[in-house]
Amino acid sequence: MEIVFLKYVQIVVYNFKFTQASTPRKLVNLVGFNCLQVSFIRWSTSGCAVGRNMDRPTSSDRAELEETTGLVEDGELPQGAEGGEVDPRTLRKSSSSRSSRKSFRLDYRLEEEVTKSCRDKHGRWTNPWPTWRFPSYSMLFRFLVLDKNHSNVPTSKEVLDSELPVMEPYFVQNPEALDSHAGMRVTWLGHATVLVEMEGVNILTDPIFSQRASFLQFMGPKRYRGPPCTVEQLPRIDAVLISHSHYDHLDAGSVASLNARFGGELRWFVPLGLMDWLAKMGCENVMELDWWEENCVPGHDNVTFVCTPSQHWSKRTAWDDNRSLWSSWSVLGPNHRFFFAGDTGYCSSFQEIGRRFGPFDLAAIPIGAYQPRDVMQGQHVAPEEAVQIHQDLQAKQSVAIHWGTFALAYEYYLEPPVRLREALEQKGLKPESFFTLHHGESRLIAAQDRDVFD
């Protein structure tokens, strides 16, 4: 119960700050919430195209760039789907982005209306869908005091090894097997971390190799299944996708280790508001994107990385509620397409993503940390909603993520894959269309014999 309480202190502070925006922050300090929040945050739960690069242009540089490439269109700024201002960067275009899109034949789809990112009157990012809601005080009280935690993670290593084995990845066993396959290959490294190999590019998502999802490694949510490899054992990584700022998705130790090993050769893709954090960590090759903006990895111009919407929130300290954006990611190659959902509740934008960029050959979709439902619904999908996202995206296959690693909610630790199979059966879908992997296990996604646009 102590862990659960600390885990949700940040939610209480979040609600307090947004419902009592005019109340001085010192009142929060009086009850000690901010102190606890900092200590126990997030216990639960080359220039190919547009985007913000590490080298910030001067005002004169910006004016010249806008004059030559038309970064911002004339006219009034659009509004978000449910109101709120749209960031001007959403409107950016470049000649190189248009030329790269030609290979994907996407121009006709770009005419469709899509949900743009927007901020509230305090300048914080907000979710523009009616499906978003944050837990009320009464929900939190019931959750903290009355609800029972059904996760029941065994303390026995033997039991865990039997139920959730951690396998040595193929690239550790046989490094020569790299680049010896056709099509795509996905390896689950635990939680929301997957390695995807496609089109000659190696992609790592939300890397966390630390033992705890915390800024301190002696407290915070601890893994009950360790990482199947170290950063040093990884193959070459060309791109890292970051979905948002929470500690179980943006891990400082893993970022530092990846940067120490790969340096400027590794390109980081992050949503708006996270570039400065990466820069302070020493990362050099960072692309910060708004929803629907795109970029690529130098030397791989035929693979486009698009920042796409998700329904979530962001926070790392007591003062930065929703100061950085959250996102999913769509990776578009000439032969294959990959979607990474990150951490999300269900919203209608997955239909927009499917219409604009689908079908996807592979999607990585979360299935865990969803109970109690009324507390988690806005921010974490249940397995049934994960299947709906799979269908919205027109995904040919999906891999389950965000389960079996950290105990972040109250469902039984082995329940997510069971409910996933039941949801697939109810929808009349084959079990192999949305599969689970053991930690460290890989699966090949066969190459397609036809053009994905036919």
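Heads up: these notes are all about the structure in this document. (Residues numbered from 1 in each chain as written. Predicted model: local features only at pLDDT ≥ 70, side-chain atom pairs only at ≥ 80, totals over all residues. Heavy atoms only, no water.)

## Structural notes on the packing of aromatic side chains
Logical step 1: Going through the model one piece at a time under the given rule, you end up with 15 aromatic pairs.
Logical step 2: Look at Trp132 and Phe134: their rings are 5.7 Å apart centre to centre, the planes differ by 55 degrees, and that puts the pair in the tilted class.
Logical step 3: Ring geometry for Tyr170 and Phe171: centres 5.5 Å apart, planes at 80 degrees, overall edge-to-face.
Logical step 4: The exposure class of Tyr170 is buried, given its relative accessible area of 14%.
Logical step 5: By relative accessible area, which is 3% here, Phe171 ends up buried.
Logical step 6: Put simply, the rings of Phe339, Tyr346, Phe350 and Phe360 pair up and form one aromatic cluster.
Logical step 7: Above the plane of the ring of Tyr170 lies Arg185, whose end atom (NZ or CZ) is 3.8 Å from the centre.
Logical step 8: Above the plane of the ring of Tyr247 lies Arg316, whose end atom (NZ or CZ) is 4.0 Å from the centre. (Phe/Tyr/Trp six-rings, centres within 6.5 Å; stacked < 30°, edge-to-face > 60°. Buried < 20%, exposed > 50% of the residue type's maximum accessible area, 1.4 Å probe, protein only. Lys NZ or Arg CZ within 6 Å of the ring centre and 35° of its normal.)

## So, helix α11 (residues 349-357)
Logical step 1: Most of α11 sits out of view: seven of its nine residues are buried.
Logical step 2: All buried positions along α11 are accounted for by Ser349, Phe350, Glu352, Ile353, Gly354, Arg356 and Phe357.
Logical step 3: In this fold, the buried residues of α11 make contact with β12 (300-308), β13 (328-332), β14 (337-340) and α13 (383-392). (Helix = DSSP H or I, 4+ residues; strand = E, 2+ residues; numbered from the N terminus. Contact = heavy atoms within 4.5 Å.)

## Comments concerning helix α14 (residues 415-426)
Logical step 1: The first and last C-alpha atoms of α14 sit 17 Å apart over 12 residues, in line with the 16 Å expected at 1.5 Å per residue.
Logical step 2: Every buried residue of α14 is listed here: Pro416, Pro417, Arg419, Leu420, Ala423 and Leu424. For α14, the angular spread of buried residues about the axis comes to 160 degrees, placing them on one side. Seen from the buried face of α14, the exposed residues on the opposite side, beyond 90 degrees, are Glu425 and Gln426.
Logical step 3: For α14, the elements touching its buried residues are α13, β16 (398-401) and β17 (434-435).
Logical step 4: Positive phi appears at Gly428, one or two residues downstream of α14, with a value of about 70 degrees. (Expected span 1.5 Å × (residues − 1). Arc of directions from axis to C-beta.)

## Some thoughts on unusual backbone geometry
Logical step 1: Cis rather than trans, the peptide bond between Gly358 and Pro359 has omega equal to 0 degrees.
Logical step 2: Note on placement: Pro359 falls in the loop between α11 and β15 (362-366).
Logical step 3: Residue Pro372 follows Gln371 across a cis peptide bond; omega there is 0 degrees.
Logical step 4: Phi at Asp206 is positive, roughly 30 degrees, even though this residue is not glycine.
Logical step 5: Relative to the helices and strands, Asp206 resides in the loop between β7 (201-205) and β8 (239-241).
Logical step 6: Using a relative accessible area of 0% as the deciding quantity, one classes Asp206 as buried.
Logical step 7: Positive phi outside glycine occurs at Asn322, with the angle close to 55 degrees.
Logical step 8: Mapping Asn322 onto the fold places it in the loop between β12 and β13.

Note that all results are geometric; they support no functional claim without further evidence.
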